[in-house]
Structures are given as C-alpha cells and as structure tokens.
Amino acid sequence: MPKKPRKGRHVPQRTCVGCREVHSKRSLVRVVRGPEGIFIDPTGKMAGRGAYLHNRLECWEKGLHGAIAKALKTNLTADDRERLTNFMATLSKETSAQ
Ligand SMILES: [Zn+2]
C-alpha cells in the first residue's frame with residue numbers, strides 16, 4: 001500500500017546547467033539574458049530568460065564551455081564572457097553549493 005504525501009511543501013527547484021543537479025532556487029546563482037546581454041542576477045528578479053548555476057567553480061567552467069549559451073539559447077559575446085569570467089574569479093574551488 002504505497003502512500004505518498006506530497007502536499008504542503010512547495011520549494012522552488014532549479015537545475016544547475018553546469019552539473020545538472022537539482023537544488024532549491026536559493027542555493028543557486030541566476031544568470032539572465034536580457035537585451036544588453038547576459039548578466040549575473042543576484043536578486044533573481046531581473047526580467048529575461050534565466051539559467052541557474054551553483055556557486056561552484058566547476059559548474060561555471062562547464063557553463064562557460066557551452067552550458068549557459070545552450071540554456072539561454074544564445075551565443076556568449078566577448079562582453080558576456082568577460083562578465084561571467086569575472087564572477088567566476090570570485091569563486092573558489094573550495095566553495096560548496098551552500
Ligand atoms: Zn552545479
């Protein structure tokens with residue numbers, strides 16, 4: 001007799017485009033594709049198509065190697081790449097997903 005009480009708890013879940021793990025939205029960094037290009041969206045409130053990544057260097061490396069472009073259905077411009085790389089530089093390999 002399987003019973004699955006799956007009600008009452010609503011935590012938004014998002015997939016990291018780097019490692020494809022699913023996590024609660026809060027533990028991920030949003031990038032958004034707006035009219036001016038791709039930006040880091042620390043507030044999660046910018047309008048546009050968004051993608052999510054962990055604050056982990058390895059996820060951003062994968063992201064910059066095509067995962068972000070694919071998720072946002074665009075190509076990264078040199079400016080986009082520079083912004084993302086600058087953000088990535090603030091991350092350390094030691095940083096965990098939390
Ligand atoms: Zn990840």
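Residues numbered from 1 in each chain as written. Predicted model: local features only at pLDDT ≥ 70, side-chain atom pairs only at ≥ 80, totals over all residues.

Observations concerning the pairing of strand β4 (residues 37-41)
This is how it is decided: Here, a strand pair is defined by DSSP locating no fewer than two bridges between the strands. Every helix listed is a DSSP run of H or I at least four residues long, and every strand listed is a run of E at least two residues long, numbered separately from the N terminus.
Pairing between strand β3 (residues 29-34) and β4: 5 bridges, direction antiparallel. Along β4, the bridge assignment pairs Arg33 with Ile38. Between β3 and β4, which follow one another and run antiparallel, lie 2 residues.

Topic: the pairing of β3
Let me state the cut-off plainly: Using C-beta atoms placed from the backbone, we call a residue buried if 20 or more other C-beta atoms fall within 10 Å of its own, exposed if 12 or fewer do, and partly exposed for counts in between.
Burial along β3 is one-sided: Val29, Val31 and Arg33 are buried, and none of Arg30, Val32 and Gly34, which face the opposite way, are. Two strands pair when backbone bridges link them, and β3 and strand β5 (residues 49-53) are joined in this way by 5 bridges, in the antiparallel orientation. Bridge assignment links Val29 to a residue of β5, and that residue is Leu53.

A closer look at the packing of helix α1 (residues 57-71) against helix α2 (residues 78-89)
The following threshold applies: Orientation is described by axes fitted as lines to C-alpha atoms, over the contacting stretch for helices, and by angles from 0 to 180 degrees between their N-to-C directions. Here the angle decides the label: under 35 degrees means roughly parallel, over 145 means roughly antiparallel, 65 to 115 means roughly perpendicular, and every other value means oblique. Any residue pair is listed as a contact if its two C-beta atoms, each placed from the backbone, are within 7 Å.
Running from N to C, α1 and α2 point in directions that differ by 170°, and their axes come no closer than 10 Å. Judged by the angle between their axes, α1 and α2 are roughly antiparallel. Contact residues: Leu57, Trp60, Leu64 and Ile68 in α1; Arg81, Leu84, Thr85 and Met88 in α2.

Any functional reading would require information that these geometric values do not contain.
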